[in-house]
Amino acid sequence: MLEALKKRRAIRQFVDREVEREKIELLLEAATYAPNDRMREPWHFYVMQGDSLKGYEKVALEFLEKRFPTKPHLVESSMKAITNTPLIIAVTSAMVEGDEGATKDNLFAVSSAIMSIWLMAEQLGLGMVWRTRGVGLVHDTALHTYIGASHQEQLVGTLCIGYPAEEITTPKKRTPFSEKTTWL
Ligand SMILES: Cc1cc2nc3c(=O)[nH]c(=O)nc-3n(C[C@H](O)[C@H](O)[C@H](O)COP(=O)(O)O)c2cc1C
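Worth saying up front: this structure is predicted, and the values here are computed from it rather than measured.

Draft legend 1. Geometry of the overall build of the chain. Assigned secondary structure in the chain consists of six helices and four strands. Helices and strands appear in the chain in the N-to-C order α-α-β-α-α-β-α-β-α-β. Its C-alpha radius of gyration of 17 Å places the chain within 12% of the 16 Å reference for a compact globule of 184 residues. Across its three principal axes, the chain shows a C-alpha extent of roughly 55 × 45 × 35 Å. In the chain, which comprises 184 residues, the proportion classed as buried is 41%.

Draft legend 2. Region of the structure containing the sheet that holds strand β3 (residues 127-131). Taken in spatial order, the four strands make up an open sheet running β1-β2-β4-β3, and their pairing is antiparallel. For this open sheet the edge positions go to β1 (43-48) and β3, each flanked by a neighbour on one side alone. Neighbour to neighbour, the strand axes of the sheet diverge by 25 degrees on average, direction disregarded. Set on the sheet, helix α3 (residues 50-67) makes contact with β1, β2 (87-94) and β4 (153-162); between it and β1 the angle comes to about 95 degrees.

Draft legend 3. Layout of the packing of aromatic side chains. Enumeration according to the criterion identifies zero aromatic pairs in this entry. The side chain of R8 reaches across the aromatic face of W118, ending 4.2 Å from its centre. Its end group placed over the ring of Y163, R17 keeps NZ or CZ at 3.6 Å from the ring centre.

Draft legend 4. Quick look at helix α5 (residues 100-123). Here α5 is 24 residues long and its end C-alpha atoms lie 35 Å apart, about the 34 Å a rise of 1.5 Å per residue gives. In this fold, the buried residues of α5 make contact with α1 (2-7), α2 (21-32), β1, β2, β3 and β4. The backbone nitrogen of G101 has a side-chain oxygen 3.3 Å away, supplied by the residue at the start of α5, namely D99. Two residues or fewer after α5 comes G125, characterised by a positive phi angle close to 80 degrees.

Conventions used here
- Residues numbered from 1 in each chain as written.
- Predicted model: local features only at pLDDT ≥ 70, side-chain atom pairs only at ≥ 80, totals over all residues.
- Heavy atoms only, no water.
- Helix = DSSP H or I, 4+ residues; strand = E, 2+ residues; numbered from the N terminus.
- Rg over C-alpha atoms; globule rule 2.2 N^0.38 Å.
- Buried < 20%, exposed > 50% of the residue type's maximum accessible area, 1.4 Å probe, protein only.
- Pairing = 2+ DSSP bridges.
- Axes fitted to C-alpha atoms, helices over the stretch in contact; angles between N-to-C directions.
- Contact = heavy atoms within 4.5 Å.
- Phe/Tyr/Trp six-rings, centres within 6.5 Å; stacked < 30°, edge-to-face > 60°.
- Lys NZ or Arg CZ within 6 Å of the ring centre and 35° of its normal.
- Expected span 1.5 Å × (residues − 1).
- Polar contact = N/O pair within 3.5 Å; in protein donor to acceptor, adjacent residues only side chain to side chain.

Here's what the structure looks like:
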């Protein structure tokens, strides 16, 4: 397990190859086994490929052009994160009206589910990066509206997935747990 965790990397470059439906279903199945409070199973997955992904591209382009009207090069380079990705899964978490604690717990559960997808992706020979910022559009309303998510859902991640076009061999840098732990 430790080896698998150390090996997992954020992959941002993909080859031009579709991800098979069976593999996508395995990713989603893996997600559903994540721990979750009171079995609310608060996740929902929006799978985008082909035409729906082209729609996402349009939404992201509009967002970037509005945000960076004087920086066309930045817009162009940022768009590559989407145009070079064959599969994007947007993941939402259910909000529980009047219960901030439960809403937070749902976010924690959905984060766990995303980690399961990430590890499963690696085992299937796929690469993935969990995006939130910029074209990840997690902190904006544009993607939420585009996928048709309800007001009771909040976006947690935009998962860019595909067959990797890069191999990251540099060892993972992490602060040793001893510096992040208080033994009480
Ligand atoms: C909640 C969350 C949001 C992230 N958002 C982005 C993002 O918007 N863009 C990006 O390129 N990577 C994003 N990442 C990936 C991190 O940059 C990456 O996991 C980190 O650099 C550590 O590298 P590793 O995953 O290879 O260990 C995000 C990761 C998490 C957990």
